[in-house]
Amino acid sequence: MPQYTQYQPKEHRPKMSAYWYLDNWHYLRYALRESSSFFVAYFCVLTLVQLAALGTNATRYARFEAFMAHPAMIIVNAIALAFFLLHAITWFNLVPRVMMRQILARPTPDIISSAPNYLVWFGATIILALFITGVL
Amino acid sequence: MSAGKRSNEPIVWILFGMGGFLVAFFLPVHVLFYGLLFPAGMVHAPSYQQTLALVRHPLARVYLFALLTFCFFHAAHRMRSTMLDVLNLRHLNTVIAFLCYGGALVGTVFTVWLLMTV
């Protein structure tokens, strides 16, 4: 006779709330950080619209600029900037978690790994700002 | 011995990782100027001709291609995981993956087309 029970116990599946990310600040920060992706997609599409307007003519580009000056667009873009900054800071702070950090067989502080990213970010921002504003 | 089914996750992760760095380094300054300072009139916006000349420079085209392509795939991968994990939509994994990565591919095609015709 085979040795088994007729009624197997059910697999344990803990029920998760649909709003689990509101349980504590760490979950919420994770959810916000991941949500930055929607704003990344939004701004990439917006840049494509800008390129399409640029490629058409000056009138179409002026219409695009007027559209961007709408208060609702400025508010959405301010929110997008906040999400991009959250992404940048959490991304740079993650670098020490994923790379080897040893000098003479001793671990180095996190800041040694993340600081160069902040420096590159600062430099890239200045250079791009000069190009975007037409100074260079 | 037959080799197991290989995961496509590493390829997606390369695109996601590259995009993550590009979003962090470059997108904030783009949205700061084109989304806030120029439209709000806080900084004088360059003319149409100046902006067109900037975008038509070969290096600018290469930069915009890399920026937009990797950012599209970065967003696609993260939007997918957000919808699966945060919104509990795991049962729609295939549809969501198709829409996200398909959307990134469409975005890339438009990027190439617009950069070639601008």
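Student: Describe in detail the overall build of chain A, supporting the description with residues and values.
Tutor: Within chain A one finds four helices and two strands. Mapped in sequence order, the helices and strands of chain A form the string α-α-α-β-β-α. Here chain A has a C-alpha radius of gyration of 24 Å; the compact-globule value for 136 residues is 14 Å, and the former is much larger. Each of the 136 residues in chain A was classed as buried or not, and the buried ones make up 32%.

Student: With reference to specific residues and values, describe the nonpolar core.
Tutor: Among the nonpolar cores identified, the biggest contains 61 residues, and A:V40, A:L51, B:L27 and B:C71 are the most heavily contacted of them. Residue assignment for this core shows that the elements contributing at least two residues are α1 (25-56), α2 (58-68), α3 (71-98) and α4 (110-132) of chain A together with α1 (9-37), α2 (48-56), α3 (58-86) and α4 (93-117) of chain B. A per-element tally of this core places α1(B) first, with 14 residues. Discounting residues that sit within four places of it in the chain, B:C71 has contacts with A:V40, A:C44, B:G19, B:L22, B:V23 and B:L27.

Student: Before we move on, can you summarise the interface of chain B and chain A with the specific residues and values?
Tutor: With 51 residues of chain B at the contact, the number on the chain A side is 55 residues. Taking both partners together, chain B and chain A bury about 4500 Å²; carbon and sulfur atoms supply 78% of that area. Three residues, B:F25, B:Y48 and B:R78, lead the burial of chain B against chain A; their summed loss comes to 16% of the area buried on that side. On the surface where chain B and chain A come into contact, there are one salt bridge. Put simply, A:E34 and B:R78 hold a salt bridge, and the shortest N to O gap is 3.2 Å. Our count for the contact surface shared by chain B and chain A stands at 10 residue pairs in polar contact (both at pLDDT 80 or more).

Student: How would you explain a nonpolar patch on the surface if you had to name every residue and give the values?
Tutor: Together, A:F122, A:I126, A:I127, A:L130, A:F131, A:V135 and A:L136 line one region of the surface with nonpolar side chains, adding up to about 680 Å² of accessible area. With respect to the helices and strands, the residue A:I127 is situated in helix α4.

Student: Tell me about the environment of B:A104, and please be specific about residues and values.
Tutor: Residues and elements named next belong to chain B. Along the polypeptide, A104 turns up in helix α4. Taking C-alpha positions, A104 is 9.5 Å from L68, a pair spaced 36 residues apart along the chain. Excluding its chain neighbours within four sequence positions, the residues that come into contact with A104 are F72, F73 and A76.

Student: Now, about the pattern of salt bridges: what can you tell me, with residues and values included?
Tutor: Counted by the stated rule, this structure contains four salt bridges over all chains. The salt bridge involving A:R33 is made with A:E34; its shortest N-O contact spans 3.0 Å. With a relative accessible area of 6%, A:E34 lands in the buried category. Here A:R97 and A:D110 are joined by a salt bridge, their closest N and O atoms 3.0 Å apart. Of this pair, A:R97 sits in helix α3 while A:D110 sits in helix α4, placing them 13 residues apart in sequence. Each of A:R33, A:E34 and B:R78 takes part in salt bridges that share partners, so that together they form one network.

Student: Hey, could you go over the packing of α3(A) against α1(B) for me, with residue numbers and the actual values?
Tutor: Two elements in contact, α3(A) and α1(B), have axes separated by 9 Å at closest approach and are oriented at 145°. Remark: the crossing between α3(A) and α1(B) carries left-handed chirality. In terms of residue class, the contact of α3(A) with α1(B) is made up of 20 nonpolar, five polar and no charged.

Student: Pulling in residues and values, what's your account of the state of the cysteines?
Tutor: Working definition: the covalent bond between the sulfur atoms of two cysteines is a disulfide. Scanning all chains against the criterion turns up zero disulfides over all chains. We note that A:C44 lacks a disulfide partner, and the nearest cysteine sulfur, in B:C71, lies 4.7 Å from it. Sulfur of B:C100: no disulfide; nearest cysteine sulfur belongs to A:C44 and is 14 Å away. On the basis of relative accessible area, B:C100 is assigned to the buried category, the value being 9%.

Conventions we followed
- Residues numbered from 1 in each chain as written.
- Chains lettered and ligands numbered in written order.
- Predicted model: local features only at pLDDT ≥ 70, side-chain atom pairs only at ≥ 80, totals over all residues.
- Heavy atoms only, no water.
- Helix = DSSP H or I, 4+ residues; strand = E, 2+ residues; numbered from the N terminus.
- Rg over C-alpha atoms; globule rule 2.2 N^0.38 Å.
- Buried < 20%, exposed > 50% of the residue type's maximum accessible area, 1.4 Å probe, protein only.
- Core = buried A, V, L, I, M, F, W, Y, C linked by side-chain atoms within 4.5 Å.
- Contact = heavy atoms within 4.5 Å.
- Buried area = accessible area lost by both parts, 1.4 Å probe.
- Salt bridge = Lys/Arg side-chain N within 4 Å of Asp/Glu carboxyl O.
- Polar contact = N/O pair within 3.5 Å; in protein donor to acceptor, adjacent residues only side chain to side chain.
- Patch = residues over 30% accessible without salt bridge, like charges linked within 9 Å, V, L, I, M, F, W, Y side chains within 5 Å.
- Areas by Shrake-Rupley, 256 points an atom, 1.4 Å probe, with all protein chains shown as cover.
- Axes fitted to C-alpha atoms, helices over the stretch in contact; angles between N-to-C directions.
- Left-handed = near helix turned anticlockwise from the far one by under 90°.
- Nonpolar A, V, L, I, M, F, W, Y, C, P; charged D, E, K, R; others polar.
- Disulfide = S-S within 2.5 Å.

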